[in-house]
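Descriptive analysis of the structure
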Amino acid sequence: MTLLMRDQENVEKGEELMLALMQKLVADKRFGEIERIKDDKDYRLILYREYHII
């Protein structure tokens with residue numbers, strides 16, 4: 001049961017990070033980046049760092 005709870009927490013944390021990044025991209029009108037981050041994990045990590053999300 002503990003493993004399932006931890007998995008759920010990780011999913012929720014990932015969703016929070018992605019949402020925070022998407023909000024910043026929208027605010028900066030970088031709409032094309034949203035399309036890219038959904039498939040490109042490396043680029044997503046670059047943007048998380050750029051926006052100081054992680």
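Look above for the structure.
Thresholds, definitions, all that
- Residues numbered from 1 in each chain as written.
- Predicted model: local features only at pLDDT ≥ 70, side-chain atom pairs only at ≥ 80, totals over all residues.
- Heavy atoms only, no water.
- Salt bridge = Lys/Arg side-chain N within 4 Å of Asp/Glu carboxyl O.
- Buried < 20%, exposed > 50% of the residue type's maximum accessible area, 1.4 Å probe, protein only.
- Patch = residues over 30% accessible without salt bridge, like charges linked within 9 Å, V, L, I, M, F, W, Y side chains within 5 Å.
- Areas by Shrake-Rupley, 256 points an atom, 1.4 Å probe, with all protein chains shown as cover.
- Lys, Arg positive; Asp, Glu negative; His and termini not counted.
- Charge placed at Lys NZ, Arg CZ, Asp CG, Glu CD.
- Helix = DSSP H or I, 4+ residues; strand = E, 2+ residues; numbered from the N terminus.
- Core = buried A, V, L, I, M, F, W, Y, C linked by side-chain atoms within 4.5 Å.

Attention now goes to the pattern of salt bridges. Scanning the model with the defined rule gives four salt bridges in all. Here arginine 36 ties to aspartate 40 by a salt bridge, and the two come within 3.4 Å at their closest N and O atoms. Looking at aspartate 40, the relative accessible area reads 25%, which means it is partly exposed. A salt bridge links lysine 38 to aspartate 39, with the shortest nitrogen-to-oxygen separation between them at 3.0 Å. Salt bridges here are not isolated pairs; linked through shared partners, they connect Glu35, Lys38 and Asp39.

Turning our attention to a negative patch on the surface. Taken together, the side chains of Glu9, Glu12, Glu15 and Glu16 make up a negatively charged region of the molecular surface. With respect to the helices and strands, the residue glutamate 16 is situated in helix 1 (residues 2-27).

Once that is clear, we can look at the nonpolar core. Of all hydrophobic cores here, the largest spans eight residues; its members are Leu17, Leu21, Leu25, Ile37, Tyr43, Leu47, Tyr48 and Tyr51. When residues of this core are traced back to their parent elements, those giving at least two are helix 1 and helix 3 (41-50).

These values are about where atoms sit, not about what they do.
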